[in-house]
Amino acid sequence: MRNSITGVAGWQKNSFIDFPGTVSTVLFFSGCNLACPYCHNPEIVTAGPSLLVRPDDIASFLEKRKGLIEGVVLSGGEPTLHACLAAAVPEIKELGYRVKLDTNGLLPEVIRSISPDYLALDVKTAPRLYGRLLSSPYADTEQRIASSVEIVRTMGESAEIRITVAPGIVNREIIREIGELVNGVKKAFLQPMKKKGKLLDPAMMEKNPVSEEEIAAYRDILAEYVGECKIRGES
Ligand code: SF4
């Protein structure tokens with residue numbers, strides 16, 4: 001590869017579950033422009049230079065595995081913060097890989113420029129609450145999220161909305177607000193917060209998880225607005 005992929009703090013070389021229908025390699029980029037209290041990747045979000053994967057290792061892996069692995073997942077942390085992707089993604093595509101982007105949607109113009117083959121957009125709570133609950137640094141967060149949701153809408157089956165169900169971050173009222181926001185998208189997934197390992201805010205470990213019945217009620221609300229809504233882990 002002519003262009004380096006920098007800022008990668010974690011790497012899962014082979015995955016059968018991160019890119020629908022596609023065997024992929026998953027790159028976890030460092031840093032994030034949000035601070036979700038339930039974030040289970042705090043080491044990746046705060047990784048310093050000594051923890052980063054060598055760009056040459058990624059480049060030689062992608063060159064050797066073309067034809068064997070079909071996709072590259074850009075995950076994190078928040079991959080859209082990394083300027084290297086503007087030059088690197090076209091090259092990844094030239095090698096024959098399909099590209100999936102996992103993003104919090106705060107940089108919709110970068111999503112457009114990457115033009116992923118598959119997009120997973122995390123909608124975390126009602127956009128009006130991103131500043132208070134998730135420390136969003138942007139005054140126009142609501143417009144940014146709406147713009148990213150519009151990209152998901154136009155991508156049809158090649159995109160999904162993901163909502164992490166965390167206590168204090170979503171409730172029925174907020175889920176309905178999210179439903180109105182994502183009206184018309186094809187796919188949405190609810191994923192219960194994982195209470196293992198290290199969370200960005202350790203106090204989240206003490207909170208009771210949202211019950212299965214309540215999550216099912218969220219699914220029913222969202223199903224009024226989207227093509228299909230599933231709870232991750234259910235068939
Ligand atoms: S959950 Fe995602 S968006 Fe939130 S802080 Fe962690 S990496 Fe950033």
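See the structure printed just above.
Let me sum up the structure you'll find in this document.

Here is what the cut-offs are and how they apply
Residues numbered from 1 in each chain as written. Predicted model: local features only at pLDDT ≥ 70, side-chain atom pairs only at ≥ 80, totals over all residues. Heavy atoms only, no water. Helix = DSSP H or I, 4+ residues; strand = E, 2+ residues; numbered from the N terminus. Polar contact = N/O pair within 3.5 Å; in protein donor to acceptor, adjacent residues only side chain to side chain. Contact = heavy atoms within 4.5 Å. Pairing = 2+ DSSP bridges. Axes fitted to C-alpha atoms, helices over the stretch in contact; angles between N-to-C directions. Buried < 20%, exposed > 50% of the residue type's maximum accessible area, 1.4 Å probe, protein only. Right-handed = clockwise from strand over helix to strand, strands pointing away. 1 Å grid on protein atoms, 1.4 Å probe; cavity = no way out; pocket = protein on both sides within 12 Å on 5 of 7 lines; lining within 4 Å. Points joined across faces, edges and corners; volume = space filled by probe spheres on them. Nonpolar A, V, L, I, M, F, W, Y, C, P; charged D, E, K, R; others polar. Salt bridge = Lys/Arg side-chain N within 4 Å of Asp/Glu carboxyl O. Near = heavy atom within 4 Å. Sits in = over half its atoms within 2 Å of the grid points. Arc of directions from axis to C-beta.

**Here's the deal with the side chain of threonine 141**
Along the polypeptide, threonine 141 turns up in helix H6 (residues 141-155). Here the side chain of threonine 141 touches tyrosine 138 through a polar contact of 2.7 Å, landing on its backbone oxygen. The residues contacting threonine 141, other than those within four sequence positions of it, are Leu106, Pro127, Tyr130 and Ser136.

**Digging into the sheet that holds strand E5 (residues 118-122)**
Taken together, eight strands build an open sheet; the order of strands is E1-E2-E3-E4-E5-E6-E7-E8 and the sheet is mixed. Strand pairing shows two members of the sheet lacking a second neighbour, strand E1 (8-15) and strand E8 (228-231), which therefore form its edges. Adjacent strand axes in the sheet meet at a mean angle of 20 degrees, parallel and antiparallel pairs treated alike. Here helix H8 (residues 212-223) sits on the sheet in contact with strand E6 (159-165), strand E7 (187-192) and E8, set at roughly 170 degrees to E8.

**Overview of the pairing of E8**
Here E8 shows a clear split, with Cys229 and Ile231 buried on one side and none of Glu228 and Lys230 buried on the other. Relative to E8, E7 runs parallel, the two sharing four bridges. What sits directly across from leucine 190, in E8, is isoleucine 231. As for the winding sense of the linkage, the β-α-β connection from E7 through H8 to E8 is right-handed.

**Section: the layout of surface pockets**
Considering only enclosed or pocket space, the largest pocket measures out at about 1100 Å³ in volume. Lining the largest pocket are 40 residues, and of these His40, Asp102, Arg162, Gln191 and Lys194 lie nearest its centre. Elements with a contribution of two residues or more to the lining of the largest pocket: strand E2 (24-29), strand E3 (71-76), strand E4 (98-103), E5, E6 and E7. At four residues, the largest contribution of residues to the lining of the largest pocket is made by E7. For the lining of the largest pocket, the class distribution of residues is 18 nonpolar, 11 polar and 11 charged.

**Thoughts on the pattern of salt bridges**
Evaluated as defined, the whole model comprises 16 salt bridges. In this structure, glutamate 177 and arginine 128 form a salt bridge, with 2.6 Å as the shortest nitrogen-oxygen distance. On the criterion of sequence distance, the pair formed by glutamate 177 in helix H7 (residues 172-181) and arginine 128 in the loop between E5 and helix H5 (130-134) is long-range, its members being 49 residues apart. Residue classification places arginine 128 among the partly exposed positions, given a relative accessible area of 43%.

**Side note on the site of the ligand**
The immediate surroundings of the ligand are formed by Cys32, Leu34, Cys36, Cys39, Val45, Gly77, Asn104 and Lys124. Taken atom by atom, the bulk of the ligand overlaps the largest pocket. Per-class residue counts for the shell around the ligand are five nonpolar, two polar and one charged.

**So, H7**
Every buried residue of H7 is listed here: Ile174, Ile175, Ile178, Gly179 and Leu181. Taken around the axis of H7, the buried residues stretch over an arc of 160 degrees, which confines them to a single face. Facing away from the buried side of H7, by more than 90 degrees, are the exposed residues Glu173 and Glu180.

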